[in-house]
Amino acid sequence: MTGQVLTPQAPPTGAAPAPSRRERRRLARLAEQEREIPVELYGLRRGTVTLLTMLAFLFAIFTLIPIAWLLINSTKTQANIFETFGFWFARPFNFFHTFSLLFQNVDGYGTYIQWLGNTALYAVLGGVGATALSAFAGYGLARFRFRGSRVAFYVIIAGLLVPITALTIPLYLTYAKAHLINSIWGMVLPSMISPIGVYLMRTYADISVPRDLIDAARIDGAGELRIFFRIALPLMMPGVLTVLLISIVAVWNNYFLPLLIFNINTKYPLTVGLGLWSDRAVNSGNAELYPLLVMGGLVTIIPLIALFLILQRYWRGGMLLGSIAN
Amino acid sequence: MSAIELEDLTKVYATGVTAVDRLSLDVAPGEFVVLVGPSGCGKTTALRMVAGLESITSGTVRLADRVVNAVSPRQRNVAMVFQNYALYPHLTVAENIGFALANKGVPKTDRDRRVREAATVLGLSDLLGRKPRQLSGGQRQRVAMGRAIVREPAVFLMDEPLSSLDAKLRVQMRSEVLRVHKAIGAATLYVTHDQVEAMTMGDRIAVLSDGVLQQYGRPRELYDQPANLFVAQFIGSPEMNVYQAAVDVSGDLVLGSQRIPLGSLDPGLAPYAGRPVIVGVRPEDLALGPASAGLPSGSGTLAADIRVVESLGSELHAVFSIDAAVAGTRELAAAAGEAADSGQLDLAYNGVARLDGRAMIRSGERVAFRVDPSRLHFFDPATGAAITRETSAASSGVAVPSRGIAGAVG
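This one's a predicted model, so the numbers in the text were calculated from it and none came from an experiment.

In terms of helices and strands, chain A carries 14 helices and 0 strands. The order of helices and strands in chain A, counted from the N terminus, is α-α-α-α-α-α-α-α-α-α-α-α-α-α. Over its C-alpha atoms chain A spans a radius of gyration of 27 Å, topping by over 25% the 20 Å that the globule rule assigns to 326 residues. Along the first, second and third principal axes, the C-alpha atoms of chain A reach 80 × 70 × 45 Å. Here chain A holds 326 residues, and 28% of them are scored as buried. A sequence separation of at least 24 residues applies to 73% of the contacts in chain A between residues at least 6 apart.

If you want it as structure tokens, here you go:
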């Protein structure tokens, strides 16, 4: 012993102070690490692991490069976008000037911020609608047997396989007859139809809502709607959020449908608006639109990234813990 | 009035499988009836038909003398405890228990009071704010019970409520369930595959096999006067030893190379004189020691080779072999066949005796068990139905009408 001070351990009394929140999180993380198998035990050689890691890393760079380019070039002037190295900054710093242009009607072609508002409206109405319909339909198909339920499901699956381009002409003619051209309902109603959402919800309801739970609720005197909202829906929540995200992104990125039904630029969503700008910049010599295109592209993806980060908290496993004995 | 009355209740699935076959039984108000049978015998299907969770192919279910075949589970006023508890995982214990009351529109204050009362009965008062995942297996089981009793139902259905618990907790919860049953007094239909649960809990027991009711009666009745070979072997642990035997014209039982005098030939057995029968003897009805001790005169003896001795402390199971063929299709027969197949004939056994824990007995010994003929059970080899005997009925002190061959009762 060379002058070491042994701190006496606190005697194990019954009332140990409760660990702080941070401490609990640290312990949980450590416990998580304990459960992970060390790489050596996967049965893979070190070299293989390194190689795969490198490949994954390269792929990540490949995926992120366009976003980095957008970020860098959003700070440049029109001339610099073409004349300087694409992956580094160049003076003058034009970010805020370009950004302010998003709020103006540029050359009478339309206002970016209005398109952003339109897109958000269509995405929220269409996405929420698609999610609600998918949740109802998926639960219904997973937990009720009725005449034609299998056929209905197969028809929905088949719907996944039909590309919307194949429906252009009938769709346009129908819309014209139904006065849905230039109507937001022309955009929102079709966006609420989501075969992939129904398919996902059916699968998710099947694994996350045990039949016994529904039976128990029926015996407890709950009506079918109450069972859905009070018992099934909370259990389906992670799946519901997945479908919500997919549906919102689908509407957000939809180009073809709004191109078909809108012919006045105040109704445009971002996709069509930016498409118009791009067309003008390339074909009509409106080169001053290039910085706006870059900036517009950047701002377009930010809400989706934010949405993903917000919803991520709700994806958690173990919804059924404690409900059903093994 | 019956709280529950099933009449020729039948369930045939779309696949053509008959799960429940003309089941008739009644449960009196406040009675605790156990529906028992091996897995796949249709007991859970029957229970679900009573609850309204399964459509009825034919027959009727009456609750409090009202036919409820076409009534939805919501309107039957039955409570049910599921095998896997089926707790609502995202609701607290209090919300789980109070869910049925909320559905009925019971006002919040009233609901809280009743939830607290139910929680007190079940010892859950401190856990009302927890979620199911924060509870132990026994606590979850209690919440499932709480959810049922809070409604003060007319009929209480339980589908193997204890099967997910470990052995020790299961024994504890058995008396807990009975205590709760006494407290609320609702007619209860309890499904289990465990004959010990059935024997210890049931006021009456209905034994089911392949969807057919084998016997319905008090536990003692089923044990002492099983209606057929199935009930005889299903009820009791270790199970009854059964052998192919014959009654000879002089009234002796011929069992392999051994003979056991049956005394005066019983009228019930008379038609079997000179013909084969199946004979059964419960493990505890085989006794060691000199023929004079404690048993009626005329007792026979049965010589057996002891194969294995299992000591349970308070008692001792002597696994033996005699030179008679096993009847029935249950575990012993399977074990005997297995040993024979593997060529270990010296290990083959075909019977178990249940002896005093301090009995001096070793494997490899040849012993003579004393057998009281009045404790023997006889079954028709063709039908498996019990051959009712005047003597056995008289000696067990229960009056049973002489019926010759007893078929399935109920």
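Next comes the rest of the description.
Spatially, 5 strands are ordered β15-β19-β16-β17-β18 (chain B) in an open sheet, and the strand pairing comes out antiparallel. Two strands bound the open sheet, and with one partner strand each, they are β15 (286-287) and β18 (351-356) of chain B.

Moving on, we get to the domain arrangement of chain B. Many structure descriptions define interface size as the accessible area lost when the parts assemble. Residues and elements named next belong to chain B. Under the domain assignment, chain B is made up of domain 1 (4-224) and domain 2 (229-406). Those elements that provide at least two residues to the side of domain 1 that touches domain 2 are α6 (195-201), β9 (204-209), β10 (212-217) and α7 (219-224). For the side of domain 1 that touches domain 2, the residue count by class is 5 nonpolar, 4 polar and 1 charged.

Contacts between chain A and chain B engage 22 residues on the former and 27 residues on the latter. Those elements that provide at least two residues to the side of chain A that touches chain B are α10 (211-219) and α11 (224-253) of chain A. If you tally residues by element for the side of chain A that touches chain B, the top one is α10 of chain A, at 6 residues. Each residue belonging to the side of chain A that touches chain B can be placed in one class, and the counts come to 13 nonpolar, 4 polar and 5 charged.

Turning to the pairing of strand β19 (residues 366-371) of chain B, a few remarks are in order. Residues and elements named next belong to chain B. By the alternation rule, side chains of β19 split into Val367, Phe369 and Val371, which are all buried, and Arg366, Ala368 and Arg370, of which none is buried. The pairing of β15 with β19 spans 2 bridges and is antiparallel. Residue pairing across strands places Ala287 opposite Arg370, the latter belonging to β19. Here 6 bridges tie strand β16 (residues 300-311) to β19, and the two strands are oriented antiparallel to one another. The residue bridging Thr301 from the neighbouring strand is Arg370, located in β19.

All names here are of chain B. Residues of helix α2 (residues 93-104) that are buried include every one of Val93, Ala94, Asn96, Ile97, Gly98, Phe99, Ala100 and Leu101, and no others. Residues of α2 that are buried make contact with α3 (108-122) and α4 (137-149). Two residues or fewer after α2 comes Gly105, characterised by a positive phi angle close to 80°.

Sheet strands line up and pair through hydrogen bonds in the backbone, either parallel or antiparallel. Residue and element names in this part refer to chain B. Strand order in the open sheet made by the 4 strands is β2-β1-β4-β5, with antiparallel pairing throughout. Of all strands in the sheet, those bounded by a partner on one side alone are β2 (18-27) and β5 (66-67). Strand direction decides the pairing type here: strand β1 (residues 4-12) and β2, joined by 6 bridges, are antiparallel. Residue pairing across strands places Lys11 opposite Val20, the latter belonging to β2. Those strands touched by helix α1 (residues 43-51) are β1, β2 and β4 (58-63), and its axis lies near 120° from that of β1.

A separate point is α11 of chain A. Counted at 1.5 Å a residue, the expected span for α11 of chain A with its 30 residues is 44 Å, but the 36 Å between its end C-alpha atoms falls short. At Met237 of chain A, α11 of chain A shows its strongest bend, of approximately 65°, with the proline Pro238 of chain A following within four residues.

Turning to the packing of helix α5 (residues 112-143) of chain A against helix α9 (residues 195-208) of chain A, a few remarks are in order. All names here are of chain A. Close contact between α5 and α9 brings their axes to 7 Å; oriented N to C, the two are set at 50°. When the interaxial angle is binned, α5 and α9 end up oblique. Both α5 and α9 take part in a crossing whose hand is right-handed. Contacts between α5 and α9 involve Ala130, Thr131, Ser134, Ala135, Ala137, Gly138, Tyr139, Leu141, Ala142 and Arg143 from the first element and Gly197, Val198, Met201, Arg202, Tyr204, Ala205 and Asp206 from the second.

Residue and element names in this part refer to chain A. Where helix α13 (residues 270-283) contacts helix α14 (residues 290-312), the two axes come as close as 10 Å, and the packing angle between them is 160°. With respect to each other, α13 and α14 are oriented roughly antiparallel. Considering the relative orientation of α13 and α14, their crossing is left-handed. Of the residues in α14, those in contact with Leu270, Leu274, Trp277, Ser278 and Ala281 of α13 are Tyr290, Leu292, Leu293, Gly296, Gly297 and Thr300.

So, about unusual backbone geometry. A cis amide bond, omega -5°, links Arg91 of chain A with the succeeding residue Pro92 of chain A. One non-glycine residue, Arg22 of chain B, adopts positive backbone phi at about 45°. Tracing the backbone shows Arg22 of chain B in strand β2. Backbone geometry at Ala86 of chain B places phi at a positive 50°, although glycine is not the residue there. Along the polypeptide, Ala86 of chain B turns up in the loop between β6 (78-81) and α2.

So, about the nonpolar core. A general tendency of soluble globular proteins is for nonpolar side chains to be buried together. Formed by 169 residues in total, the largest nonpolar core has its most connected members in Leu35, Val50, Leu157 and Val279 of chain B. With 12 residues, α11 of chain A is the single largest residue contributor to this core. Formed jointly, this core draws a minimum of three residues from each of two domains, domain 1 (4-224) and domain 2 (229-406) of chain B. Those residues in contact with Val50 of chain B, other than ones at most four positions away along the chain, are Ile4, Val61, Val78, Leu157 and Leu189 of chain B.

This next bit is on the environment of Val294 of chain A. Residues and elements named next belong to chain A. Secondary-structure assignment places Val294 in helix α14. Taking the C-alpha atoms as reference, Val294 lies 29 Å from Val243; in sequence the two are 51 residues apart. Setting aside chain neighbours within four positions, we find Val294 in contact with Leu70, Asn73, Ser74 and Ile81.

Analysis parameters
- Residues numbered from 1 in each chain as written.
- Chains lettered and ligands numbered in written order.
- Predicted model: local features only at pLDDT ≥ 70, side-chain atom pairs only at ≥ 80, totals over all residues.
- Helix = DSSP H or I, 4+ residues; strand = E, 2+ residues; numbered from the N terminus.
- Rg over C-alpha atoms; globule rule 2.2 N^0.38 Å.
- Buried ≥ 20, exposed ≤ 12 C-beta atoms within 10 Å, placed from the backbone.
- Contact = placed C-beta atoms within 7 Å.
- Pairing = 2+ DSSP bridges.
- Domains from an automatic or database assignment.
- Nonpolar A, V, L, I, M, F, W, Y, C, P; charged D, E, K, R; others polar.
- Axes fitted to C-alpha atoms, helices over the stretch in contact; angles between N-to-C directions.
- Expected span 1.5 Å × (residues − 1).
- Bend = angle between axes of the 7 residues up to and from the residue.
- Parallel < 35°, antiparallel > 145°, perpendicular 65-115°, else oblique.
- Left-handed = near helix turned anticlockwise from the far one by under 90°.
- Core = buried A, V, L, I, M, F, W, Y, C linked by C-beta atoms within 7 Å.

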